[in-house]
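Descriptive structure summary
So you can see what is in the structure, the chains are spelled out below.
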Amino acid sequence: MKVKYFIYCRKSSESEDKQILSLPAQERELKTYAKEHDLDVVDVISESKSAFKMGREGYSDMLARIIKGEANGILCWHANRLSRNAVDAGYVIYALDQKQLLEIKTQGRTYYNTPNDKFLLGLELGISKKDSDEKSENVKRGNREKFLTRKEWIGLAKMGYVNYIEPYTKVKKIVVDKERLPLLQRAVKLLLTGAYTPMEVLDKLNNEWGFRTRKTKKMGAKPMCASGFYKFLSDPYYYGLMVRSEGEVWGHHQTIITKAEFDRIQIMLGRHGRHSFTKHEFPYRGVLRCGGCGAAITSEHKWQIICPECKTKFNRGQTTIQCPSCKTFVDQMKNYKLLHYVYFHCTKRAHPDCTERSITIEKLEEQIDNELKRFEVSESFKDWAIAHLNELNDKEVDDRETVRTNYKEAYDDCVKKLDNLFRMKISPQNVNGDVIGEDQYIQERKTLLAEKEDLLAKVNDTNKRMNDWYDLTEKTFNFACYARYWFANGDLRTKTSILSTLGSNLILKDKKLLIDGHKPFFLIEKCLSSIKAEVPEFEPAKNIDFTSQMYSLPAIASHLLGD
Ligand SMILES: [Zn+2]
Ligand SMILES: [Zn+2]
């Protein structure tokens, strides 16, 4: 028999419930558990009452529904959520006896209708025991919540930070170790200059700047050891990313390096660095296609080192730890030159022998910028154009409305004709086909149906054209005005969305970006060039006063109306 569950959550305001997860957290944990174990959940019941007193509404309601047969299992965070008084406990065990309830599931264990389980359940329900291992299990789950949703580091603070308990509220916190974090930051900056090896920086840290680890009961107050230093240098916590077995989250703590600096340091660490580089964002993902074979275009990060000893240039792959010619280890090099490139190339998934070559991000972005430049307009031109187009738009809407009404009337007329034709066909006078013959009927009906179809399309098309108007004015001009600025100054997401606005399947062929010019902003380009032909000194990308009527509006209008 398939078990159906109620999820039951409870938290009271009493002090002994302090360690218990909040109601939303209980719900979330249990829902996740149910999903992971493929449990059939009928309903979720949450209440914030103490279980010591009887008469919890949600609880009695749930039992009543179990007796009715709506569900035959309960999923809760801990058995002590169900009951802490003898009567409630009795009900639950009775329901198990009667087989109205088949199981009670918690994340730790499942209680069935066996003498053993019922005994244990009775014990757990009846006694509000606070044994320590239960508490620690609760704490563990509470920690997960603290880490994932509140984004706070748990447990012992990392080097450079200290655990701190607020004296009045007793809230535990992690704060900056004002003595050590600045020294660690200074060490990182020194290493980033490239003039020192990691071991030389460590020597300075310990022996010149007097770094000592924090004193604890058992140890501490010692110079930093090499392995501790390497561990520190390859810990993403220092650029903000907190990594634990529960997952990865960005913390709110004070950081001392950027992600890019962190990546550079990983390369410097050579043999001692993390084996994998940090995850990189892939720019313009999903927007570009290969013009040679149609496969997707992907990007790749590449680092190259120029060896300071022998000037050999070599790729710094994940396993390269020394110069291929003079065998100097990367972590012993000083003042080497580090080059970082981002390439775009065909994934060759469809055709492994595709011959399209790769292109650097700089070359690609230059081309995109050139495209955006084609229809760039200034803010004052944009405002002027939108204002004037809105005036034209009002007139356009009126005209279109008239056209639409005409089509609609013609359409209604056509429907009426079809109706009449049919009446004529089935009228008593037409028994012998005297009024209208079969062939004639079929012919006329066919003509009218085609006409009806055509008129309907025209009505719909007119509606669409009226809606297109808005897009063509405000949105298009805003894009034309701001896209180039944001492409140069925005983050990766902004840049990607600008590129995908230009077209969703842009082609990269022979290192050239091909853009289909059907998008409305290219209408702006056309209209700009026609104005320029008339008024040579016209500069659409400069903020000048366009309110004077010197520029010919009809030129813009005729292009933008799209006729
Ligand atoms: Zn290709
Ligand atoms: Zn070398």
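Just above, that's the structure.
Throughout, residues of each chain are indexed from 1 in the direction in which the sequence is written. Going through the entries in the order they are written, you letter the chains from A and number the ligands from 1. A pLDDT threshold of at least 70 governs which residues receive local features in this predicted model, and a stricter bar of 80 or more applies before side-chain atom pairs are shown or counted, although totals over entire chains, interfaces and linings include all residues. Side-chain numbers here rest on the full set of heavy atoms in the structure, without hydrogens or water.

1. Quick notes on the overall build of the chain
Selection rule: Working definition: helices are DSSP H or I runs of at least four residues, strands are E runs of at least two. Numbering for both runs from the N terminus. Working definition: with a 1.4 Å probe on protein chains only, accessible area under 20% of the residue-type maximum means buried, over 50% means exposed, and in between means partly exposed. Contacts are assigned to residue pairs that have any heavy atoms within 4.5 Å of one another. The protein chains shown are the only cover counted for residues, whose accessible areas, like all others here, come from Shrake-Rupley with a 1.4 Å probe.
Helix and strand counts for the chain come out as 15 helices and 16 strands. The burial tally for the chain puts 41% of its 563 residues in the buried class. For the chain, contacts bridging at least 24 residues in sequence account for 65% of all contacts bridging at least 6. Just so you have it, the chain exposes about 31800 Å², and 52% of that area is on carbon and sulfur atoms.

2. Comments concerning helix H2 (residues 57-68)
Residues separated by three or four positions in an α-helix point in the same direction, a consequence of the helix having 3.6 residues per turn. Put simply, the rule is: For a helix, the expected span equals 1.5 Å multiplied by the residue count minus one. This arc is taken over the directions from the axis of the helix to the C-beta atoms.
Its 12 residues give H2 an end-to-end C-alpha distance of 16 Å, which sits within 8% of 16 Å, the value for a rise of 1.5 Å per residue. Within the sequence span of H2, burial applies to Gly-58, Tyr-59, Met-62, Leu-63, Arg-65 and Ile-66. Considered in projection along H2, the buried side chains sweep an arc of 165 degrees and stay on one side of the axis. Summarising the geometry of H2, the exposed residues directed more than 90 degrees from the buried face are Glu-57, Ile-67 and Lys-68. Just beyond H2, the residue with positive phi is Gly-69, at close to 100 degrees.

3. Re the packing of helix H6 (residues 181-192) against helix H8 (residues 226-233)
Helix packing geometry: the angle between the two helix axes and the distance between the axes. We apply this condition: Between the N-to-C directions of two axes lies an angle of 0 to 180 degrees, each axis being a line fitted to C-alpha atoms and, for a helix, fitted only over the stretch in contact. Orientation labels follow simple angle bins: below 35 degrees gives roughly parallel, above 145 gives roughly antiparallel, 65 to 115 gives roughly perpendicular, and whatever is left gives oblique. Side-chain classes follow a simple rule in which Ala, Val, Leu, Ile, Met, Phe, Trp, Tyr, Cys and Pro form the nonpolar group, Asp, Glu, Lys and Arg form the charged group, and the remainder, Gly included, forms the polar group.
At their nearest, the axes of H6 and H8 sit 12 Å apart, and the two run at 80 degrees to each other. As judged from the angle between their axes, H6 and H8 are roughly perpendicular. Contact residues: H6 offers Leu-184, Ala-187, Val-188 and Leu-191, while H8 offers Phe-229, Phe-232 and Leu-233. Taken together, the residues that form the contact of H6 with H8 break down as seven nonpolar, no polar and no charged.

4. What to know about the coordination of the zinc ion (ligand 1)
Keep this limit in mind: Listed donor atoms are N, O and S within 2.8 Å of the metal (Na, K and Ca: 3.2 Å). As water is not included, a site may look incomplete. Only four donors with every angle between 85 and 135 degrees are called tetrahedral; only four or six donors with opposite donors over 155 degrees apart and all others between 65 and 115 are called square planar or octahedral, in that order; all others are irregular.
The protein atoms that coordinate the zinc ion (ligand 1) are Cys-290 (SG), Cys-293 (SG), Cys-346 (SG) and Cys-354 (SG), at distances spanning 2.2 to 2.4 Å. In this structure, the zinc ion (ligand 1) is coordinated by four donor atoms arranged in tetrahedral fashion, with angles at the metal of 98 to 119 degrees. Going along the chain, you hit the donors of the zinc ion (ligand 1) in the pattern C-x2-C-x52-C-x7-C. A residue pair is termed long-range when its members are at least 10 positions apart, and Cys-290 in strand S10 (residues 288-290) and Cys-354 in the loop between strand S13 (337-346) and strand S14 (359-360) qualify at 64 residues. When sorted by exposure, Cys-290 lands in the same class as Cys-354, which is buried.

5. Some details on H8
Three or more residues of H8 are buried, namely Gly-228, Phe-229, Tyr-230, Phe-232 and Leu-233. Buried-residue contacts for H8 involve H6, helix H7 (198-208) and helix H9 (259-268).

6. Quick notes on the coordination of the zinc ion (ligand 2)
Looking at the metal site, the zinc ion (ligand 2) is ligated by Cys-307 (SG), Cys-310 (SG), Cys-323 (SG) and Cys-326 (SG), spaced 2.2 to 2.3 Å from it. In the primary structure, the donors to the zinc ion (ligand 2) are separated according to the pattern C-x2-C-x12-C-x2-C. In this structure Cys-307 comes out as buried when scored by relative accessible area, which is 0%.

7. Digging into the pairing of strand S6 (residues 161-165)
Here is the rule: Paired strands, as defined in this entry, are two strands with at least two bridges between them according to DSSP.
Examined bridge by bridge, S6 and strand S7 (residues 172-176) share five bridges and lie antiparallel to one another. The residue bridging Tyr-164 from the neighbouring strand is Lys-173, located in S7. Here S6 hands over to S7 after six residues, with Lys-170 in that stretch at a positive phi of 65 degrees.

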